[in-house]
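If you want the building blocks of each chain, they are given just below.
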Amino acid sequence: MKQEKVLIIGSGGQIGVELAMALRKVYGTDNVIASDLREAHPLLKDAGPYVILDAMDGKAIHELVKKEGITQIYLLAAMLSATGEKAPMKAWDVNMNSLLQVLEIGVQEKLTKIYWPSSIAVFGPTTPTLNTPQQTIVEPRTVYGISKYTGELWCQYYNQRWGLDVRSIRYPGLISWKSEPGGGTTDYAVEIYHEALKNKKYTSFLSENTYLPMMYMDDAIRATIELMEAPVEMMKTRMSYNLSAMSFSPKEIAAAIQKHIPDFTIDYKPDFRQAIADGWPKSIDDSVARSDWGWRNNFDLDSMTADMLMHLREKMG
Ligand SMILES: NC(=O)c1ccc[n+]([C@@H]2O[C@H](COP(=O)([O-])OP(=O)(O)OC[C@H]3O[C@@H](n4cnc5c(N)ncnc54)[C@H](O)[C@@H]3O)[C@@H](O)[C@H]2O)c1
């Protein structure tokens, strides 16, 4: 079997740091090149091959792919939902053009696989909000959601037209302790743990009963690698797979934290992100991913909360 050589674009962010570390365990440190616009994240510094690379610079990506004999690209660079609403044209430009260039390189260089994440942001206020199915009404209202849904269609197109093996997951909000979130609408569910430990209080930018689908990073990383390792015949859709683990509101995550920190308090000051959250599903039906390639989540709200608090306590010393 041919040795895979992986390039991760945008590996300095919330997902990329942990995904780079996990992929290095699978393929070997030297076979996974991490890259980002920014200098290496402390966890990736001196930990394996790292280059500064702009996801918009197709020529530089193409040259690197040829020089290093890259066989797989994970494209993570993007502008997320909340940041995207502040600069819609830039978000469209970054999210679309990075993907189209990588798909083209994938065809030209006959890459074995490409990974590109989508999001629950593809859904909009006209989508059924409870147990949102894999295939349903899709009318996103944010530039981020529009770019993700368009991207899914391009991934499907490149698969059908050129046979490119592009795989994708619609991540829910992701919660992690190793790396920081990058400007999404679900970031509150990470900030709340930090503030609970530092100040024993948190002001949520979403209202108390705003339910959103969420997932612990350990599950998200494992899902990503399991999807990419699954035999090709298990890929029954080339749109992105719905994926789910848990669904909770700010009030419920606060209650889960209070089981460990009884004097923790929360109050609510919704901002512009409330409108984004109100247009998204409250829970996701991921039965297609479960039956196509065997997805199973490990963490629920209580087990995630215990793990987050334990690791953050250690990290904060
Ligand atoms: N974190 C989540 O909850 C979540 C949920 C759904 C989907 N996603 C998707 O997963 C992917 C990664 O998300 P994340 O949370 O790690 O995001 P992030 O914002 O934390 O990280 C993105 C990284 O991309 C880099 N980047 C931005 N523009 C770049 C460019 N032009 N060239 C190179 N690097 C560039 C940034 O420096 C950053 O390190 C994105 O496509 C995002 O849409 C994330």
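Rules used throughout
- In this numbering scheme, every chain counts its residues from 1 along its sequence in written order.
- At least 70 in pLDDT is required for a residue's local features to be given in this predicted model, at least 80 for side-chain atom pairs to be given and counted, and no such filter applies to totals for whole chains, interfaces and linings, which use all residues.
- The side-chain figures draw on all heavy atoms in the structure; neither hydrogens nor water molecules are used.
- Going along the chain from the N terminus, every DSSP run of H or I of four or more residues is numbered as a helix, and every run of E of two or more is numbered as a strand.
- Throughout, the radius of gyration refers to the C-alpha atoms, and the reference size of a globule is 2.2 Å times the residue count to the power 0.38.
- Note on areas: Shrake-Rupley with a 1.4 Å probe; residue coverage comes only from the protein chains shown.
- Counted as positive: Lys and Arg. Counted as negative: Asp and Glu, with His and the chain ends omitted from the count.
- A charge is said to be at NZ when it belongs to Lys, at CZ for Arg, at CG for Asp and at CD for Glu.
- Each domain's extent is set by a domain assignment, obtained either automatically or from a database.
- Note on contacts: a residue pair is in contact if any heavy atoms of the two residues lie within 4.5 Å.
- Whenever Lys or Arg places a side-chain nitrogen within 4 Å of a carboxyl oxygen from Asp or Glu, that contact is recorded as a salt bridge.
- Two N or O atoms count as a polar contact when they lie within 3.5 Å, although within protein this holds only if one can serve as hydrogen donor and the other as acceptor, and sequence-adjacent residues are included solely when both atoms are side-chain atoms.
- If a single non-hydrogen atom of a residue is within 4 Å of a molecule or strand, that residue counts as near it.
- Each residue's exposure class comes from its accessible area (1.4 Å probe, protein chains only) as a fraction of the maximum for that residue type: buried when under 20%, exposed when over 50%, partly exposed otherwise.
- The rule for pairing is simple: two strands pair if DSSP sees at least two bridges between them.
- UniProt positions are given in the numbering used here, feature names are shortened, and annotations may be inferred rather than shown by experiment.
- A fitted line through C-alpha atoms represents every axis, and for helices the fit uses only the stretch in contact; the resulting angles, taken between N-to-C directions, go from 0 to 180 degrees.
- Between the first and last residue of a helix there are one fewer steps than residues, each counted as 1.5 Å, and that sum is the expected span.

## Details of the overall build of the protein chain
For the protein chain, the count of helices and strands is eleven helices and 14 strands. Its C-alpha atoms give the protein chain a radius of gyration of 19 Å, within 12% of the compact-globule value 20 Å for 317 residues. Expressed along its principal axes, the backbone C-alpha trace of the protein chain runs to roughly 55 × 45 × 40 Å. Per element, the accessible surface of the protein chain, about 13500 Å² overall, is 53% carbon and sulfur. Counting 34 positive and 39 negative side-chain charges, the protein chain places the averaged centre of each group 1 Å from the other.

## Examining the domain arrangement of the protein chain
If you check the domain split of the protein chain, you get domain 1 (6–172 + 217–227) and domain 2 (173–214 + 244–316). One C-alpha centre belongs to domain 1, the other to domain 2, and the line joining them spans 23 Å. Taken residue by residue, the interface counts 37 residues in domain 1 and 33 residues in domain 2. In this assembly, domain 1 and domain 2 are joined by one salt bridge. Where domain 1 packs against domain 2, one counts 16 residue pairs in polar contact (both at pLDDT 80 or more).

## Points about the site of the ligand
In the vicinity of the ligand, 26 residues are found, and the nearest of them are Gln 14, Asp 36, Arg 38, Ala 55 and Tyr 144. One nitrogen or oxygen atom from the side chain of Tyr 144 is found 2.5 Å from an oxygen atom belonging to the ligand. Burial of the ligand by the protein chains amounts to 91% of its free accessible area of 830 Å². Those elements giving two or more residues to the shell around the ligand turn out to be helix H1 (14–27), strand S6 (118–119), helix H5 (143–162) and strand S9 (173–175).

## What about the side chain of Ser 176?
Relative to the elements of secondary structure, Ser 176 occurs in the loop between S9 and helix H6 (188–198). Within the structure, the side chain of Ser 176 is placed 3.0 Å from the side chain of Gln 14, a separation counted as a polar contact. Polar side-chain contacts of Ser 176 include one of 2.9 Å to the backbone oxygen of Ser 179. Excluding residues within four positions of it along the chain, Ser 176 makes contact with Gln 14, Glu 18, Val 190, Met 217 and Met 308.

## Observations regarding the pairing of strand S10 (residues 201–204)
By the alternation rule, side chains of S10 split into Tyr 202 and Ser 204, which are all buried, and Lys 201 and Thr 203, of which none is buried. Alignment of S10 against strand S14 (residues 265–268), held across four bridges, turns out to be parallel. Bridge pairing links Ser 204 to Tyr 268 in S14.

## With respect to the UniProt feature "domain: NAD-dependent epimerase/dehydratase" (unreviewed entry) in the protein chain
The UniProt entry lists residues 6–238 under the feature "domain: NAD-dependent epimerase/dehydratase" (unreviewed entry), expressed in the numbering used here. Each end of residues 6–238 is marked by a C-alpha atom, and these two atoms are 21 Å apart; helix forms 41% of the span and strand 16%.

## Let's talk about the sheet that holds strand S3 (residues 50–52)
Within the open sheet, the six strands sit side by side as S3-S2-S1-S4-S5-S7. Their pairing is parallel. This sheet does not close on itself; its edge strands, each paired only once, are S3 and strand S7 (166–167). Sheet topology note: the strand S5 (residues 113–115)/S7 ladder contains two bridges and is parallel. Its bridge partner being in S7, Tyr 115 is matched across the sheet by Arg 167. Across the sheet, helix H4 (residues 88–108) lies against strand S1 (6–9), strand S4 (72–75), S5 and S7, angled at about 175° from S4, the strand it touches most. Sheet strands in contact with helix H7 (residues 217–229) are S4, S5 and S7, and its direction is about 155° off that of S5.

## Details of the sheet that holds S6
Spatially, the three strands line up as an open sheet ordered S6-S8-S12, and their pairing is parallel. The open sheet has two edge strands with one neighbour each: S6 and strand S12 (241–242). With two bridges joining them, strand S8 (residues 169–171) and S12 adopt parallel strand pairing. Paired with Arg 170 across the two strands is Asn 242, which belongs to S12.

## A word on H5
With 20 residues, H5 should cover 28 Å at 1.5 Å per step; its first-to-last C-alpha distance of 27 Å lies within 8% of that length. Listing the buried residues of H5 in full gives Val 143, Tyr 144, Gly 145, Ser 147, Lys 148, Gly 151, Glu 152, Cys 155, Tyr 158 and Asn 159. Where H5 is buried, its residues touch helix H3 (81–86), H4, S6, S7 and S8.

## Some thoughts on the side chain of His 311
Summarising the element assignment, His 311 is placed in helix H11 (residues 301–316). Contact partners of His 311, with chain neighbours within four places excluded, come to Trp 177 and Tyr 216.

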